[in-house]
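# Reading the structure
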Amino acid sequence: INCVCVTNSRMFLKGIITSSDFLKIIQEDEKVLIPLSSIMTPKESLSVVHLDSTVGEVRQLIITSKIRHIPVVDDHGSIAGCIVDKDIFRVLYEPSSLDITDDINNPILQIPVHKFMNRKPLSIFTKTKLSQAAGIFFEKKIDGCLVLNDNKEVQGIVTLSDFLKIFVGNTE
């Protein structure tokens, strides 16, 4: 969901609230001084794919795990980049692929993710305060990034959904 309609008691539209609105609230709230690490998905819980994983495999992971941001690792287990659902959809639904109706034989599903992943994903540090991170998300217009420790090792990932959980009181 990218926005929520706001209506009066007679159901007349008064406006919308977007994820950017939530980020602005968090950014401006000086009381939100807890570290980012308190809401991120820790590395032990991350779903990752290999450089040679295919579009089809990543698409299946997105569907079954209901995730949108997936770190891509190399043969040594080091982060090589990141792939997001929008990257997969862009590849699958480009005009040249629309003629192919048979999913099983679709050659696009066999393309390795390293061909179009983000090789330099945005990252922030675990000690970053939520208000600062919200400002970065708002300014860069992103909805997820890797979280690093002081040694620049990946500790997890934080997404817009993690920020939104603050508003509904669900930080599990």
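Basis of the calculations
- Residues numbered from 1 in each chain as written.
- Predicted model: local features only at pLDDT ≥ 70, side-chain atom pairs only at ≥ 80, totals over all residues.
- Heavy atoms only, no water.
- Salt bridge = Lys/Arg side-chain N within 4 Å of Asp/Glu carboxyl O.
- Helix = DSSP H or I, 4+ residues; strand = E, 2+ residues; numbered from the N terminus.
- Buried < 20%, exposed > 50% of the residue type's maximum accessible area, 1.4 Å probe, protein only.
- Pairing = 2+ DSSP bridges.
- Contact = heavy atoms within 4.5 Å.
- Axes fitted to C-alpha atoms, helices over the stretch in contact; angles between N-to-C directions.

Taken as a whole and assessed by the stated rule, the structure comprises four salt bridges. The partner of Arg68 in a salt bridge is Asp143, with the nearest N and O atoms 3.5 Å apart. One end of the pair, Arg68, is in the loop between helix H2 (55-65) and strand E5 (69-73); the other, Asp143, is in the loop between helix H4 (130-140) and strand E8 (144-148), with 75 residues separating them in the sequence. The shortest N-O distance in the salt bridge between Asp150 and Lys127 comes to 3.0 Å. With Asp150 in the loop between E8 and strand E9 (154-159) and Lys127 in the loop between strand E7 (123-125) and H4, this pair connects stretches of sequence that are 23 residues apart. The exposure class of Asp150 is exposed, given its relative accessible area of 55%. Look at Lys127 and you get exposed, because its relative accessible area is 54%. A network of salt bridges, in which partner residues are shared, links Arg68, Lys86 and Asp143.

The next point concerns the sheet that holds E5. Pairing within the open sheet is mixed, and its three strands lie in the order E4-E5-E6. Strands at the two margins of the open sheet, each flanked by one partner only, are strand E4 (49-50) and strand E6 (79-84). As defined by bridge partners, E4 adjoins E5 across two bridges and the pair is classed as parallel. Bridged to Val49 within E5 is Val72. Against the sheet, H2 engages E4, E5 and E6, with an angle of about 140° to E5.

Another aspect to go through is the environment of Val158. Position of Val158 relative to the elements: it lies in strand E9. When residues no more than four places from it in sequence are discounted, the contact partners of Val158 are Leu36, Ile39, Met40, Ile124, Phe137, Gly144, Cys145, Val147 and Phe163.

Another aspect to go through is the sheet that holds E9. Spatially, four strands are ordered E3-E9-E8-E7 in an open sheet, and the strand pairing comes out mixed. What marks the edges here is a single partner per strand, and that holds for strand E3 (41-42) and E7. Across two bridges, E3 lies against E9 in antiparallel orientation. Of the residues in E9, the one forming a bridge with Thr41 is Ile157. Sheet strands in contact with H4 are E7, E8 and E9, and its direction is about 165° off that of E7.

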